[in-house]
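What follows is each chain in one-letter form.
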Amino acid sequence: MFLTALSGALIPGWALQLSPEVASRAQFGWTISVHIIFAALSVGLAPFIVYFTWKDVRTDVERFTRLRSFWVKVFAVGFVMGTVTGIPMSFQFGTNFPQFAEVAGELIGGPLAFEAKMAFFLEAVFLGVLLFGRERVSDRTYVLSSVLVGVGAWLSAFWILIVNAWMQTPRGYEMVTRNGMEVAKLTDPIAAFFTPRMPWMYLHMVNASVISVSLLVAGVSAYIVWKKHDAMAWNAALRLAVLILLVTAPLQAIHGDAYGRHVADTQPQKFAAMEAHYETGTADLHLLAFPKSVDAITDPRAENLFTVSLPGVGSFLASGGDFDAEVLGLNEYDESPPVAFVFWSFRFMVGLGFLFIGLALWGGYLIYRGRLSESDRYLKAMIAASPLGYTALLTGWYVTEIGRQPWVIQGELATSEAVSTTLNGTEATLTLVGFVVVYLGLILVALHILRWFVEDELRELGVEVPSDDRWYGPVPKVSDDD
Amino acid sequence: MTETLLPADAYLVDVLPEVWFAAVMFALAMYVVLDGFDFGIGMLYATREDEHEKETLLTAFGPIWDANEVWIVAFGTMLLAAFPRVYSRVLADHYLLAIGFVLALLFRGLGPEMREQRDDERWQRYWEYSFVGGSVLAPLLFGTLAGRWVFDVPTLSLPALMTGGVLVAVSVVTGTAFVTAKSEPPLASDLRTYGIAATLAYLGGVVVLLATVVRTDAGGAADTILSLPAGAIVLLSVIAGIGGIVLVRRGRYRAWLVSALALPALLSLLVALLLYPTIYPPTGLTVREAVVSPLALNLVTVLGFPALLLVLWYFKFLYGVFSGPIEGSGYET
């Protein structure tokens with residue numbers, strides 16, 4: 001598809017390029033998918049960094065110095081990646097969706113500006129101190145810097161989710177005509193900023209970030225422990241990550257269930273898409289669903305699926321206790337979100353969520369038996385699970401965002417009306433291809449660097465690592481005098 | 001923060017729209033001044049062969065570039081918060097320039113950070129290309145965008161491209177002044193030649209740019225440029241530029257830094273002057289017409305201004321921690 005798009009972009013007149021709307025949506029979806037990985041890394045890793053830094057400064061025990069140094073390096077790379085992928089995003093509201101920026105500017109501009117001023121600056125300034133200031137500031141200021149970096153990351157999520165929650169359940173405004181355009185005018189800031197969706201989203205997202213990063217920390221630690229069972233620092237890190245998962249993984253399921261009920265109340269269309277519920281009536285809960293045919297993947301209607309379902313439980317969950325409650329079906333609406341995306345994403349997210357609970361309980365049992373670092377089977381399972389937190393987080397985000405379609409502001413502004421009218425298909429396709437290539441490169445670079453960090457750590461621990469530290473890229477031209 | 005606490009039908013003070021125009025322009029000036037010297041360091045980096053000198057340049061801006069860069073986000077989001085019509089139209093109308101700029105910024109930002117991750121010649125060389133390339137392109141594209149915005153001209157026109165060019169030149173001036181003030185003789189005396197050349201190029205560029213705009217009356221800006229305030233800004237720029245050259249020849253590097261930083265600040269002031277009161281010439285919208293309603297602006301004022309003061313305090317702290325001459329490689333964690 002991208003090759004077709006590229007040829008269309010390079011040779012205008014071929015008319016193979018995407019429409020501005022499709023290209024803009026793909027571009028925004030893609031950039032946010034990459035950005036969210038790094039943003040969640042900052043949010044989820046921040047508490048670990050604070051803990052390691054505090055223990056390191058206070059106790060001066062070697063294993064905390066090692067853990068702090070390792071994870072601060074990861075944090076720094078993630079933060080840089082988050083910054084460089086986030087800045088283009090902050091401008092895409094204007095470049096690709098100017099109608100949205102103009103209609104919603106009065107409501108979303110404030111929180112976005114507060115994010116920059118209250119959160120992003122805080123994180124960037126004190127990360128500078130955390131990375132380069134160990135010898136230049138007092139111990140106390142150094143620990144405080146790590147706390148402020150963490151506060152910055154969590155505040156960032158807070159302001160961004162205020163904007164997103166408003167887009168899901170908009171209120172606190174009225175539509176007025178300004179300069180010949182219908183725009184939203186702020187009438188009640190508290191209603192607009194603290195929408196009923198806000199607390200649900202914030203807890204779910206922050207907890208998802210902590211789970212994702214705990215799985216990453218556990219996976220990296222498990223790998224190092226698997227290579228060297230007596231690596232004290234990494235045994236401690238693995239244990240810490242498992243203990244955090246024991247709290248956060250079940251919390252996400254309990255909270256997620258209540259959040260789902262809230263979605264059923266406020267965005268019934270999204271809820272129906274999550275369960276592929278077409279006809280209004282009693283809703284079943286599909287615990288497991290497998291497609292019978294290729295069609296069933298793109299159009300997941302119950303008759304096309306092998307399902308293991310609990311009759312009426314969909315109604316029970318949506319209504320908070322009534323098995324016979326009527327749940328609105330997708331057929332009630334003129335336009336539906338892309339149901340397949342939402343339905344399968346939701347299944348991935350929930351399935352993985354239960355897998356995490358299982359892994360946490362298994363780890364908890366091993367800790368109780370004092371055998372956490374000895375069970376090779378558990379170590380391997382955690383290594384395999386290390387990217388899955390992010391998979392769950394991304395699919396969860398797709399449920400939220402794709403599930404809101406065709407609206408960009410629920411019930412108020414359609415995505416198709418938000419896209420730039422001055423943008424042409426060639427420009428939109430060209431920049432989409434550019435973002436795909438560049439951001440894909442960034443992910444590869446980030447993975448490479450994480451691998452190097454782990455290999456360096458193993459070498460430090462005296463484990464034989466094949467000397468594979470050359471970068472096998474193409475050879476740049478080198479002038480004679482180099 | 002509801003209507004009982006904040007007036008919904010009138011601005012807290014009558015001139016609040018103008019205050020916000022000034023605040024947005026202040027964020028722009030902070031960006032042009034602070035990230036400007038980061039760009040300058042990126043360009044000077046291309047002239048260095050010696051590994052120690054390269055490390056010195058990276059150490060000079062390592063702890064601060066990220067924070068400096070946040071000013072572009074502050075500028076963008078403040079513009080969106082106060083003047084959403086201008087934000088959306090400026091970005092939509094300059095689509096490729098805006099995307100090109102943010103991608104250049106991406107490569108500039110990654111370059112030095114990624115370079116430090118691996119002691120491998122090829123890896124490092126590629127990230128150096130990314131660093132230098134991004135450092136040249138980002139101010140060039142941002143300046144060209146600003147030129148289009150202010151003068152209402154096409155991208156491939158003298159006023160737009162010259163605005164990009166003068167932003168590149170002034171970045172070299174401030175980059176050189178910043179590094180020179182923080183480093184020792186061999187590097188400092190070597191770099192200052194670039195600073196002097198860039199100052200002359202900048203002043204020459206500004207004069208040619210303004211003469212072109214007056215001659216063609218691009219964006220109807222001729223009258224403003226020929227007015228007394230604009231004349232004063234240009235005169236002050238010439239004094240700061242020439243004075244800077246005198247200071248650098250006498251080896252007074254800290255004083256030079258002050259006069260060098262005045263150049264992009266004055267340039268931003270000139271942009272503000274040209275954009276007032278018609279904040280986006282193609283739409284003919286004035287500051288008063290483009291600004292958001294009273295309640296929204298009152299709210300961002302009450303919450304945003306204390307936050308802005310706090311940010312300035314952070315910067316004072318950050319620059320204080322990393323003040324003084326550059327030592328060591330500085331990249332240990």
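Here, the structure is the one placed above.
What counts and how
- Residues numbered from 1 in each chain as written.
- Chains lettered and ligands numbered in written order.
- Predicted model: local features only at pLDDT ≥ 70, side-chain atom pairs only at ≥ 80, totals over all residues.
- Heavy atoms only, no water.
- Helix = DSSP H or I, 4+ residues; strand = E, 2+ residues; numbered from the N terminus.
- Rg over C-alpha atoms; globule rule 2.2 N^0.38 Å.
- Contact = heavy atoms within 4.5 Å.
- Areas by Shrake-Rupley, 256 points an atom, 1.4 Å probe, with all protein chains shown as cover.
- Lys, Arg positive; Asp, Glu negative; His and termini not counted.
- Charge placed at Lys NZ, Arg CZ, Asp CG, Glu CD.
- Buried < 20%, exposed > 50% of the residue type's maximum accessible area, 1.4 Å probe, protein only.
- Salt bridge = Lys/Arg side-chain N within 4 Å of Asp/Glu carboxyl O.
- Expected span 1.5 Å × (residues − 1).
- Polar contact = N/O pair within 3.5 Å; in protein donor to acceptor, adjacent residues only side chain to side chain.
- Nonpolar A, V, L, I, M, F, W, Y, C, P; charged D, E, K, R; others polar.
- Core = buried A, V, L, I, M, F, W, Y, C linked by side-chain atoms within 4.5 Å.
- Bend = angle between axes of the 7 residues up to and from the residue.
- Axes fitted to C-alpha atoms, helices over the stretch in contact; angles between N-to-C directions.
- Parallel < 35°, antiparallel > 145°, perpendicular 65-115°, else oblique.
- Phe/Tyr/Trp six-rings, centres within 6.5 Å; stacked < 30°, edge-to-face > 60°.
- Patch = residues over 30% accessible without salt bridge, like charges linked within 9 Å, V, L, I, M, F, W, Y side chains within 5 Å.

Caption draft 1: Region of the structure containing the overall build of chain B. Regarding its fold elements, chain B presents 13 helices and two strands. Its C-alpha radius of gyration of 20 Å places chain B within 12% of the 20 Å reference for a compact globule of 333 residues. For chain B, the share of sequence-separated contacts (at least 6 apart) that also reach a separation of at least 24 residues comes to 79%. For chain B, the accessible area works out to roughly 12000 Å², and carbon and sulfur atoms hold 67% of it. One way to put it: in chain B the 19 positive side-chain charges average out to a point 6 Å from where the 28 negative ones average out.

Caption draft 2: Here's a closer look at the overall build of chain A. Each helix and strand counted, chain A has 16 helices and six strands in total. Relative to its length of 482 residues, chain A is compact, with a C-alpha radius of gyration of 24 Å against a globular reference of 23 Å. Each principal axis of the C-alpha distribution contributes one length, and for chain A these read about 65 × 65 × 45 Å. The 482 residues of chain A split such that 58% are buried. In chain A, 78% of the contacts between residues at least 6 apart in sequence involve partners at least 24 apart. Taken as a whole, chain A presents about 19600 Å² of accessible surface, with 62% of it coming from carbon and sulfur. The positive charge centre, built from 32 side chains, and the negative charge centre, built from 44, are 10 Å apart in chain A.

Caption draft 3: Quick peek at the pattern of salt bridges. Under the counting rule described, the total for this entry stands at 26 salt bridges over all chains. Among the salt bridges present, the one from Arg261(A) reaches Asp257(A), with a minimum N-O distance of 3.0 Å. Of this pair, Arg261(A) and Asp257(A) are both found in helix 8 (residues 232–266), four residues apart, which corresponds to roughly one turn of the helix. Under the relative-accessibility criterion, Asp257(A) is labelled partly exposed at 31%. A salt bridge links Arg48(B) to Glu53(B); its shortest N-O distance comes to 3.0 Å. Comparing Arg48(B) with Glu53(B) shows no difference in burial state: the two are buried.

Caption draft 4: Highlighting helix 5 (residues 95–115) of chain B. In a regular helix each residue adds 1.5 Å, so 21 residues correspond to 30 Å; helix 5 of chain B covers 30 Å between its end C-alpha atoms and thus fits that length. In terms of burial, helix 5 of chain B is a largely internal element, 18 of the 21 residues being buried.

Caption draft 5: Examining the interface of chain B and chain A more closely. On the side of chain A, 83 residues touch chain B, which itself brings 79 residues to the contact. If you look at where chain B meets chain A, you find two salt bridges. A salt bridge links Asp456(A) to Arg118(B), with the nearest nitrogen and oxygen atoms 3.5 Å apart. Joining chain B to chain A, the criterion identifies ten residue pairs in polar contact (both at pLDDT 80 or more). Counting only elements with at least two residues in the side of chain B that touches chain A, the list comes to helix 3 (65–82), helix 4 (84–93), helix 5, helix 6 (121–151), helix 12 (287–290) and helix 13 (294–321) of chain B. When its residues are assigned to classes, the side of chain B that touches chain A shows 52 nonpolar, twelve polar and 15 charged.

Caption draft 6: Structural detail: the environment of Ala211(B). Residues and elements named next belong to chain B. The topology assignment puts Ala211 in helix 8 (residues 185–216). By relative accessible area, which is 44% here, Ala211 ends up partly exposed. C-alpha separation for the pair Ala211 and Leu6, spaced 205 residues apart in sequence, amounts to 47 Å.

Caption draft 7: View of the side chain of Gln405(A). All names here are of chain A. With respect to the helices and strands, Gln405 occurs in the loop between helix 14 (388–402) and strand 5 (407–409). Separated by 2.6 Å, the side chains of Gln405 and Thr415 make a polar contact. The residues touching Gln405, leaving out its near neighbours within four places in the chain, are Arg25, Gln269, Ser336, Pro337, Pro338 and Thr415.

Caption draft 8: Summary view of the nonpolar core. In this structure, Leu45(A), Trp71(A), Phe100(A), Trp234(A), Trp71(B), Ile72(B) and Phe83(B) are the most contacted members of the largest nonpolar core, which totals 294 residues. Counting residues per element, this core draws most heavily on helix 4 (residues 98–132) of chain A, at 22 residues. Leave out the neighbours within four places in its chain, and Trp71(B) touches Phe121(A), Phe26(B), Ala27(B), Met30(B), Tyr31(B), Leu34(B), Leu308(B), Val311(B), Leu312(B) and Phe315(B).

Caption draft 9: Geometry of helix 13 of chain B. In this model helix 13 of chain B runs 40 Å from its N-terminal to its C-terminal C-alpha over 28 residues, within 8% of the 40 Å that 1.5 Å per residue would give. When the local axis directions of helix 13 of chain B are compared, the greatest deviation, roughly 30°, occurs at Gly304(B), which is followed within four positions by the proline Pro306(B).

Caption draft 10: Representation of the side chain of Ser88(B) within the structure. One can find Ser88(B) in helix 4. With relative accessibility at 0%, the residue Ser88(B) sits in the buried group. Here the side chain of Ser88(B) touches Pro84(B) through a polar contact of 2.9 Å, landing on its backbone oxygen. At a separation of 3.2 Å, a polar atom in the side chain of Ser88(B) contacts the main-chain carbonyl oxygen of Arg85(B). Apart from residues lying up to four places away in sequence, Ser88(B) is in contact with Gly94(A), Pro98(A), Ala101(A) and Glu102(A).

Caption draft 11: Highlighting the packing of helix 2 (residues 20–59) of chain A against helix 5 (residues 139–168) of chain A. All names here are of chain A. Look at helix 2 against helix 5: their axes get within 9 Å of each other, and the N-to-C directions meet at 170°. What the angle tells us is that helix 2 and helix 5 run roughly antiparallel. Together, Ser42, Val43, Ala46, Pro47, Ile49, Val50, Thr53, Trp54 and Val57 of helix 2 and Asp139, Tyr142, Val143, Ser146, Val147, Gly150, Ala153, Trp154 and Ala157 of helix 5 make up the contact between the two elements. Along the lines of polarity and charge, the residues of the contact of helix 2 with helix 5 split into 13 nonpolar, four polar and one charged.

Caption draft 12: Representation of the packing of aromatic side chains. Enumeration over the complete set of coordinates arrives at 44 aromatic pairs over all chains. Here the aromatic rings of Phe93(A) and Phe100(A) are separated by 5.7 Å at their centres, their planes lie at 55°, and the arrangement is tilted. With relative accessibility at 13%, the residue Phe93(A) sits in the buried group. An angle of 50° between the planes, with centres 5.7 Å apart, marks the rings of Trp71(B) and Phe315(B) as tilted.

Caption draft 13: Representation of a nonpolar patch on the surface. All names here are of chain A. A surface patch of nonpolar side chains, amounting to about 580 Å² of accessible area, comprises Leu287, Leu288, Phe290, Phe306, Val308 and Leu310. Mapped onto the nonpolar patch, the elements with two or more residues apiece are strand 3 (285–291) and strand 4 (305–310). Assignment of secondary structure puts Leu310 in strand 4. Overall, Leu310 belongs to the partly exposed group, its relative accessible area being 35%.

Scope: geometric values only; no functional claims are made or implied.
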